[in-house]
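Understanding the architecture of this molecule
So the chains spell out like this:
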Amino acid sequence: MKINNGLKIAAVYGSVFLGAGFASGRELLQYFVGFGRVGMWGLIISGVLFALVGWAVLSICRREGIKSYGELMRHMLGERLGPIMEGCVAGFLFCLFAAMLAGAGATAYQAFYLPFTLGAVIVALAVFAILCFGLDGIVKINLFLAPLMLFGGIFIGIYSFLAYTTPAFSPFGERITFAWLLSAIVYGSYNLVTGIPVISATAEMAEKKRDTMVGGLLGGGAITILGLALSLPLFLHYANIVRLEIPFLYVASETGMLFTVLYLAVLISALFTTAACNAFAVIKWLEARGFKHKIKAGAVLCVLGVAAAHIGFSNIVIFVYPVFGLIGLFKIIVIFMNAVKKKQG
């Protein structure tokens, strides 16, 4: 069965935002759930941002014949600032790749009592295998795992919510400030630092105008629905999970062994697909700079990623994410300005 190109783009794009932070529940807890019910509006705002930016990037790339992130940056920022921004983002992509391997190591240790390094190496080897097949490999693995992550995550979230008897939203009071809005913007901004390079790398598949809309809106919409479903049980267990590294693992374990196994499958899939997407974007950046040995680049990238993973996921989140959140916000503004300017012209 031939799958629509818009659906392929949506599967890759949506998978970018799934990773150690999102699927573990840690990011949802920090950026949304901690603000009470109003935090859910923040999650919706972030999802709308993902959808509109994805659509805008694909539209610009299709209109201008752009097939890579480097071309996109030079088109919007010029020949001087464009390459600088591109290099900064490539560095962040590598940091996120290392963070996903760190998340894999932590999951291996916490859930299976395996050595941290072994978990990171296993995922790195799987990523390397996918990189050998280029964009086709990235698309196929995301098409295969995306339904598991989306529907499995929604099922776990809603069932865990309904199975728990404590009234929703009761463990803590809401903070009636506009900090929830700032939190939503920061979350959306630093995630789009990686989302934009990956979706621009899939722009060559957007053969029709409809593909740009489906790819951006469906990808952003799917991750929003999944986020809302996973957030519901986090509200109920808030008091017990607020300080845990993988809060949703606690929620799943409270629901039953079957749900714990299903959740681990979703978490590992999210780690793997996000790591693969980030690594692929780095390879594309190297390729644009004349480095044609993709296999060698992939091998070196995976070795360096395993080494960097030992810094720890939490440290990367604390020290790296806020800086690139500002860069992401700048990119979003430039993209929307470019999209509006061309439309008016």
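Refer to the structure printed above.
The notes below deal with the structure included here. Worth saying up front: this structure is predicted, and the values here are computed from it rather than measured. Each residue is numbered by its place in its chain's sequence as written, counting from 1. In view of the model being predicted, local features appear only for residues whose pLDDT reaches at least 70, and side-chain atom pairs are presented and counted only at 80 or more, with totals across whole chains, interfaces and linings using the full set of residues. Hydrogens are left out, water is left out, and the side-chain values use all remaining heavy atoms of the structure.

1. Section: the pattern of salt bridges
When charged atoms on two side chains of opposite charge get close, those side chains can pair. Rule in force here: What counts as a salt bridge is simple: a side-chain nitrogen of Lys or Arg found within 4 Å of a carboxyl oxygen of Asp or Glu. The rule is simple: take the accessible area with a 1.4 Å probe, protein chains only, and divide by the maximum for that residue type; under 20% is buried, over 50% is exposed, in between is partly exposed.
Overall, the coordinates contain 5 salt bridges when judged by the stated rule. For Glu 64, the salt bridge goes to Arg 63, with nearest N and O atoms at 3.2 Å. In this structure, Glu 86 and Arg 74 form a salt bridge, with 3.6 Å as the shortest nitrogen-oxygen distance. Note on Glu 86: relative accessible area 2%, which makes it buried. Looking at Arg 74, the relative accessible area reads 27%, which means it is partly exposed. Overlapping salt bridges bring together Arg 74, Glu 86 and Arg 289 as one network.

2. As for unusual backbone geometry
Inclusion rule: Numbering of helices and strands starts at the N terminus; helices are DSSP runs of H or I of at least 4 residues and strands are runs of E of at least 2.
We note that Tyr 113 has phi near 60 degrees; this positive angle belongs to a residue other than glycine. Inspection of the secondary structure assignment puts Tyr 113 in the loop between helix H5 (69-112) and helix H6 (116-131).

3. Quick look at H6
As a reminder, the rule being used: An expected span of 1.5 Å times one less than the residue number is assigned to each helix. By definition in these notes, contact holds between two residues if any of their heavy atoms fall within 4.5 Å.
Taking 1.5 Å per residue as the helical rise, H6 with its 16 residues ought to reach 22 Å, and the 23 Å between its terminal C-alpha atoms agrees with that figure. In this fold, the buried residues of H6 make contact with H5, helix H7 (134-163), helix H12 (257-288) and helix H13 (294-309).

4. Points about the environment of Phe 35
Tracing the backbone through its elements, the reader meets Phe 35 in the loop between helix H3 (26-31) and helix H4 (38-64). In this structure the C-alpha to C-alpha distance between Phe 35 and Cys 132, which are 97 residues apart in sequence, comes to 43 Å.

5. Examining the nonpolar core
This is how the line gets drawn: Take the buried Ala, Val, Leu, Ile, Met, Phe, Trp, Tyr and Cys residues and link them wherever side-chain atoms come within 4.5 Å; each set so joined is a nonpolar core.
Ranked by size, the top nonpolar core spans 110 residues in total, and within it Leu 72, Val 127 and Leu 192 carry the most contacts. It is H5 that contributes the most residues to this core, 17 residues altogether. With residues near it in sequence (within four places) discarded, Leu 72 still touches Val 57, Ile 60, Cys 61, Ile 66, Ile 196 and Ser 200.

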